[in-house]
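Reading the structure
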Amino acid sequence: MCGITGIVTRNSDEIGELLVRCSSKLTYRGYDSVGVAAVRNGIVDLRKDVGTVDEVNKLLGLSQMKGDRGIAQLRWATYGAPTKVNAQPHFGCEEVFYGAHNGNIHNYVEYKKELLETGHIVRSENDGELCVHAVDKYYEETGDMFEAVRKSTDDLHGAFAYAVGRADEPEIYAVKMGSSLVAGVANEATIVSSDLPSVLPLTNNVIYLADGEMLVLTHDDVKVFRIEDGKQLDRKPELSNVDARAAEKGGYPHFMLKEINEQPKVVQDVMGVLEGQHSDEWIKMFADASRHFLVACGSSYNASIVGTYYFNRLAGIPIIHGLGGQFDLMYGQTMNEDSLSILVSQSGETKDIMNVLKRVKEKNLGKTLGILNVIGSTLMFESDSYIPMACGYEVSVPATKTYYSQSIIFAYLAAKLGEYNGHIDPSEARSFVGMLKNDLPRLTQETIDRTGILAKNLARTMLDVKDLYCLGYGFTDGVAREGALKIKEICYNHCEGMYSSEFKHGPLSIVTKNYPVIFATTPEDSWMVINHINEVRARYGRTIIVGEHEEKLEPYIDNKHDYLIVPKSDVLINPILDVIPLQLLSYFLSVDLGINPDLPRNLSKTLTVD
Ligand code: M6R
């Protein structure tokens, strides 16, 4: 969700340019509105409006703003519509305090009422404004900015982070209370931000914060304090080896296409991680647990479905998978101290996942294993052990390479666990891991090359389609759901992903002449899927197939591009590849429909709200 960036610099001419350059790297977190508050000679210049950084910058000249400190905010609307008045940063009662937040203030209604009753002038319907007023309120009481910021957190309930300053004081303050925050120390400038990509244009010297900590930034130093008692903590910057160019398009028209094309490299990188020194530790965590819970949301959840099939097939263990938001109510009472919760999240910040993690820890419900992409995320710090997805930055809002990496991680862990617990023969495990390592990078590249043109041509025939299904069977269950999610998310079409044998239990009634249904399949399951295809064809529906080439499937397509053929591989590798043509189809369809697939409306890449 929203992204905040605060900078203090020695050079008073550059604050607007720096804030625009750095905060634009957080566009994936929110693009409903943008604002910058810049301070020069004790006067706060606040400019904000609805739109992306580029749009608002053009409109209001954000990058020309002068001053030696300032705060920028990119908003994904939750509390209050995406309007100018609700855009952040906000002032306090007067134009003295300025600040912006990321997250949700759960006691918004009660606290706003209390502030209004005590004479505060609250202008917006946005909960971020209350953070600035809370500081304003405590400054009235203490006359001390450090104490005011520290105490302000007592009044605010929820999961959030905010940056705040006072017109006549040179520092910027920031607190972390459940939402991510990272700081950077550059030459003659310091920065605090919701996420690393906006720090990297300035510096690779970074400090990660933990919940309950606050920062004081001056142009040459970042000091970290514990909010509870105000004690200063010894926290030195660490060198991040993430390349800032990871957040550039690198010649591709969109991040999404770039990230799809990075998948062959992702295979190599994630296999390097999996074959590294922690492999035995992860397998032991699985082996020692009596119950296994796999928790994720969105694309990560779809990959977890694929994972569940791998664990059944290769390791012979049942995995209980669930959505982050439903998990506690559905399975919470069945967890115990011998459970293993595998929490899967690209961002490592998704609130629905963090809620599960928090409960598991509070109630001592066993071990936690995070599978995450963002190094330095809350999930990384809070879980007992973690597996990095090794994808580098995934900037585009639709997940592609991280879903891919997750599928590989599950396939690998299942094979190694199966070998460990004797469910499969060691030679079988070795041969499968060998394929993942040695063959999958090439097969992934071939799949992109072969299906790219077909997917592009197919997309052109689907411009009028508003409603369709994407079905999978067995291992392609999660693949089909992921394909459907991509089409919904970036093409704004209704596309339901479901299990193909379920289709006849109701949804089949939607099929009329040429109604499109996509089937993702593997040679192992196509004998069954043909039944489901026939049920659609018998109602004159249009069937589109994703999978290896099989002669027996040929009669079920009307045009060459209705068969997205992936290269021949192993039956357990095939479901990993099948998602790629669906990623490409959704990408080309989105672009043909005039949508920017990187920034689909109403969405944000990091969802730190309930
Ligand atoms: O960061 P996470 O993996 O926890 O995110 C979960 C979902 O919000 C995410 O996968 C979302 O569904 C994607 N935008 C789908 O492309």
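Residues numbered from 1 in each chain as written. Predicted model: local features only at pLDDT ≥ 70, side-chain atom pairs only at ≥ 80, totals over all residues. Heavy atoms only, no water.

**Structural notes on the site of the ligand**
The ligand sits among 15 residues. The nearest are Ser-300, Ser-345, Gln-346, Thr-350 and Glu-489. Between the ligand and Thr-350 there is a distance of 2.5 Å, counted from an oxygen atom to a side-chain nitrogen or oxygen. Taking Lys-486, its side chain carries an N or O atom lying 3.0 Å from an oxygen atom of the ligand. Contact with the protein chains removes 90% of the 410 Å² of surface that the ligand exposes when unbound. Looking at the shell around the ligand, the elements with two or more residues in it are α9 (298–315) and α15 (476–491). (Near = heavy atom within 4 Å. Polar contact = N/O pair within 3.5 Å; in protein donor to acceptor, adjacent residues only side chain to side chain. Areas by Shrake-Rupley, 256 points an atom, 1.4 Å probe, with all protein chains shown as cover. Helix = DSSP H or I, 4+ residues; strand = E, 2+ residues; numbered from the N terminus.)

**A short note on the domain arrangement of the protein**
Per the domain assignment, the segments of the protein are domain 1 (3–246) and domain 2 (255–592). Centre-to-centre separation of domain 1 and domain 2, based on C-alpha positions: 37 Å. With 14 residues of domain 1 at the contact, the number on the domain 2 side is eleven residues. Summed over both partners, the interface of domain 1 with domain 2 buries about 1,000 Å², with 59% contributed by carbon and sulfur atoms. Counting the surface domain 1 buries against domain 2, the share from its top three residues, Tyr-28, Tyr-208 and Ala-246, is 45%. Remark: the boundary between domain 1 and domain 2 carries zero salt bridges. The tally of links from domain 1 across to domain 2 stands at one residue pair in polar contact (both at pLDDT 80 or more). The residue inventory of the side of domain 1 that touches domain 2, partitioned by class, reads nine nonpolar, two polar and three charged. (Domains from an automatic or database assignment. Contact = heavy atoms within 4.5 Å. Buried area = accessible area lost by both parts, 1.4 Å probe. Salt bridge = Lys/Arg side-chain N within 4 Å of Asp/Glu carboxyl O. Nonpolar A, V, L, I, M, F, W, Y, C, P; charged D, E, K, R; others polar.)

**A word on the nonpolar core**
With 87 residues, the main nonpolar core has Phe-286, Tyr-310, Phe-311 and Phe-432 as its most contacted residues. Sort the elements by how many residues they give to this core and helix α14 (residues 426–460) lands first, with twelve residues. Ignoring anything within four residues of it in the chain, the contact list for Tyr-310 reads Ala-315, Ser-407, Phe-410, Ala-411, Ala-414, Phe-432, Phe-475, Leu-572, Pro-575 and Ile-576. Core analysis: the second largest hydrophobic core is formed by 30 residues, Leu-26, Ala-38, Ile-191 and Phe-255 among them. (Core = buried A, V, L, I, M, F, W, Y, C linked by side-chain atoms within 4.5 Å. Buried < 20%, exposed > 50% of the residue type's maximum accessible area, 1.4 Å probe, protein only.)

**A short note on the pattern of salt bridges**
For the structure on display, the rule yields 39 salt bridges. Across the salt bridge formed by Glu-114 and Lys-137, the nearest N and O atoms sit 3.6 Å from each other. Of this pair, Glu-114 sits in helix α3 (residues 108–117) while Lys-137 sits in helix α4 (residues 128–142), and the two are 23 residues apart along the sequence. Given the relative accessible area of 38%, Glu-114 is considered partly exposed. Residue classification places Lys-137 among the buried residues on the basis of a relative accessible area of 18%. The salt bridge involving Glu-524 is made with Arg-313; its shortest N-O contact spans 2.8 Å. With Glu-524 in the loop between β23 (516–520) and α16 (526–537) and Arg-313 in helix α9, the pair connects residues that are 211 residues apart, well separated along the chain.

**Some remarks on unusual backbone geometry**
A cis amide bond links Gln-88 to the next residue, Pro-89, at an omega of 0 degrees. The residue Asn-41 is not glycine, and still its phi comes out positive at about 50 degrees. In this structure, Asn-41 sits in the loop between β2 (33–40) and β3 (43–50). Asn-41 gets classed as exposed once you look at its relative accessible area, which sits at 74%. One non-glycine residue, Asn-364, lies in positive phi territory at about 55 degrees.

**Some points on a negative patch on the surface**
Taken together, Glu-94, Glu-95, Glu-140 and Glu-141 make up a surface patch of like negative charges. Tracing the backbone through its elements, the reader meets Glu-141 in helix α4. Glu-141 sits in the exposed class, given a relative accessible area of 57%. (Patch = residues over 30% accessible without salt bridge, like charges linked within 9 Å, V, L, I, M, F, W, Y side chains within 5 Å. Lys, Arg positive; Asp, Glu negative; His and termini not counted. Charge placed at Lys NZ, Arg CZ, Asp CG, Glu CD.)

**Examining empty space enclosed by the protein**
With the rule as written, the count across this model stands at three cavities of 30 Å³ or more. Of the volumes computed, that of the largest cavity is approximately 100 Å³. Both domain 1 (3–246) and domain 2 (255–592) contribute no fewer than three residues apiece to the lining of the largest cavity. If you add up the space inside the second largest cavity, you get close to 40 Å³. In this structure, the second largest cavity is lined by Tyr-28, Asp-195, Gln-346, Val-374, Tyr-393, Glu-394, Lys-605 and Thr-606. Counted by class, the lining of the second largest cavity contains three nonpolar, two polar and three charged residues. (1 Å grid on protein atoms, 1.4 Å probe; cavity = no way out; pocket = protein on both sides within 12 Å on 5 of 7 lines; lining within 4 Å. Points joined across faces, edges and corners; volume = space filled by probe spheres on them.)

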